[in-house]
Amino acid sequence: MEASLAISSRQQDLVRALRQQLPAHCILYDEEDTRPYECDGLAAYRQLPMVVTLPENESQVISIINICREKQVAIVPRGAGTGLSGGAMPIADGLVLSTAKLNKIIKIDAYARTAVVQPGVRNLAISEAVSAHGLYYAPDPSSQIACTIGGNVAENSGGVHCLKYGLTVHNVMAVRAITMEGEVIELGGGALDAPGLDLLAVFIGSEGMLGVVTEVTVKLIPKPQTARVIMASFDDVVKGGNAVASVIAAGIIPAGLEMMDKTSSRMVEPFVQAGYDTDAEAILLCESDGTIEEVEEEIARMSAVLEQAGATALAVSNSEAERLRFWSGRKNAFPAAGRISPDYYCMDGTIPRKHMAQVLIGITAMEEKYGLRCANVFHAGDGNLHPLILFDANKEGEFHRAEEFGAEILELCVKVGGTITGEHGVGIEKINSMCVQFSSEEITAFLDLKRAFDPDALLNPDKAIPTLHRCAEYGRMHVKRGSLKFPDLPRF
Ligand SMILES: Cc1cc2nc3c(=O)[nH]c(=O)nc-3n(C[C@H](O)[C@H](O)[C@H](O)COP(=O)(O)OP(=O)(O)OC[C@H]3O[C@@H](n4cnc5c(N)ncnc54)[C@H](O)[C@@H]3O)c2cc1C
């Protein structure tokens with residue numbers, strides 16, 4: 001009771017200060033207005049924020065940050081809220097800073113092949129806006145219809161085309177952001193390299209913890225003349241996994257190389273009728289793009305490698321409509337999970353490609369162990385796994401089992417030399433797994449970096465980087481001869 005009274009007087013004080021700088025329609029604080037912001041795509045975790053702000057320009061962003069710093073209120077930046085690791089989940093006595101209204105494309109320079117956009121511009125909207133110039137923005141998360149470029153920068157998002165064209169970090173040239181000190185920083189620039197330390201690479205993927213992005217300069221690339229995709233069937237997931245490694249080992253970098261297991265293709269086929277071979281244990285989608293001649297030659301080479309790797313059937317798209325149909329199943333895999341299970345938990349680990357088969361076998365064993373089904377969808381060429389653990393939150397203990405299942409998959413990824421995240425970030429979801437991946441020295445270095453940008457730990461606190469205290473509680477801190485004691489561990 002006392003805590004909620006405290007929040008309400010703090011809320012009134014904050015709203016009063018915000019109203020001096022922002023129009024009333026940019027400030028939300030009634031429960032019915034803030035409810036839509038209580039979670040991101042990781043809907044199992046929810047928290048109502050104290051206040052939500054929707055600034056309409058950069059100077060309002062700076063005002064919000066200055067007010068929050070003066071009043072020591074934590075800020076959670078938010079784009080479209082499609083994140084899958086809880087990065088945009090609010091804090092009870094904190095403020096959500098939504099960039100939804102900062103949604104203008106500021107400049108398109110077709111000659112330099114760049115675009116300058118505000119952070120709330122949707123990923124797909126960039127490609128749509130530059131399409132008339134024969135250009136597009138390559139990183140294509142499956143959520144691209146909704147997710148924003150600000151969120152993509154914060155998560156270093158990837159997608160089907162990132163195997164060939166790179167992740168967000170390879171396609172963003174400059175970022176303008178506001179630090180928690182209210183300072184405008186500009187990282188990167190219009191040239192291939194920028195002077196000084198490469199802080200742009202530090203900032204991209206920093207999950208909203210170092211600054212609020214207010215402007216992004218993206219690279220644009222020419223749309224390929226044509227693209228075709230092979231759908232290859234395998235009677236064994238291990239053969240499918242090994243085929244992925246064989247394609248890359250043959251020196252081919254496909255424009256997309258994705259894999260789905262039988263559970264996934266059977267889940268998605270009735271939903272979108274993509275034409276998938278639902279009898280196959282695994283299917284691979286292997287795309288080639290370029291000139292007509294290049295594509296023809298590469299499709300022939302990829303077909304030969306896939307056959308050699310044991311493909312039981314190959315189908316090659318013969319028209320743009322058919323290519324899009326083949327991809328529609330992969331792109332709709334997550335929503336399709338909702339048709340066969342009340343809830344699903346999407347993991348995101350990355351492994352060296354050569355261990356794909358071993359990890360798949362491990363996941364199958366875990367299905368038995370936890371008594372839960374798992375549909376596997378991958379950005380296979382990148383070694384980026386998306387196991388969808390299917391569960392029913394209404395059944396007692398199932399969510400907890402799903403979480404443990406997910407954590408064990410991530411441990412397996414680390415064990416084979418991979419990482420606990422590929423593109424969805426750490427957020428709150430994988431914060432304990434950070435203690436598995438990194439030593440206390442490494443975590444201390446991450447905390448030092450965070451402190452350099454945000455000394456009071458007000459920007460998206462308690463996300464992505466665990467405290468050493470937390471790792472110790474999780475039983476995963478590298479403590480030398482027991483000399484490091486709990487109470488002495490820095491909480492931030
Ligand atoms: C169906 C589905 C499919 C998906 N497929 C993919 C995929 O293929 N590849 C992939 O990489 N991801 C995928 N995602 C995850 C998600 O879409 C991405 O992480 C995306 O980049 C999040 O963007 P957003 O605008 O929704 O950000 P949010 O979810 O709102 O926020 C994500 C993080 O970014 C921070 N942030 C947002 N805006 C700013 C800003 N202006 N300044 C500083 N920090 C900011 C937030 O604090 C948070 O930490 C998928 C999600 C769904 C629901």
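The structure under discussion appears in the preceding block.
This section reports on the structure supplied with the text. Keep in mind that this is a model prediction, so the values were computed, not measured. (Residues numbered from 1 in each chain as written. Predicted model: local features only at pLDDT ≥ 70, side-chain atom pairs only at ≥ 80, totals over all residues.)

**Thoughts on the overall build of the chain**
Item 1. Of the regular secondary structure elements, the chain holds 18 helices and 19 strands.
Item 2. What you see for the chain is a C-alpha radius of gyration of 23 Å, in line with the 23 Å of a compact globule of 492 residues.
Item 3. Projected onto its principal axes, the C-alpha coordinates of the chain cover approximately 65 × 55 × 45 Å.
Item 4. Taking all 492 residues of the chain together, the buried fraction comes to 47%.
Item 5. Put simply, 71% of the contacts in the chain that link residues at least 6 apart link residues at least 24 apart. (Helix = DSSP H or I, 4+ residues; strand = E, 2+ residues; numbered from the N terminus. Rg over C-alpha atoms; globule rule 2.2 N^0.38 Å. Buried ≥ 20, exposed ≤ 12 C-beta atoms within 10 Å, placed from the backbone. Contact = placed C-beta atoms within 7 Å.)

**Examining the sheet that holds strand E3 (residues 75-78)**
Item 1. One open sheet holds the 4 strands; their spatial order is E1-E2-E4-E3, and the pairing between them is mixed. Here the strands that pair on one side only, and so sit at the sheet edges, are strand E1 (27-28) and E3.
Item 2. Contacts from helix H3 (residues 58-71) reach strand E2 (51-53), E3 and strand E4 (95-98) within the one sheet, and its direction differs from that of E4 by about 165°. (Pairing = 2+ DSSP bridges. Axes fitted to C-alpha atoms, helices over the stretch in contact; angles between N-to-C directions.)

**Re the sheet that holds strand E10 (residues 212-219)**
Item 1. Ordered by their spatial adjacency, 5 strands build an open sheet running E5-E6-E10-E8-E9, and the pairing between neighbours is antiparallel. Only two strands of the sheet have a single partner each, and these edge strands are strand E5 (105-109) and strand E9 (184-188). Neighbour-to-neighbour, the strand axes of this sheet turn through a mean angle of 10°, independent of strand direction.
Item 2. In the sheet, strand E6 (residues 114-117) pairs with E10 via 4 bridges, with the strands oriented antiparallel.

Read these as spatial facts, not as claims about activity.
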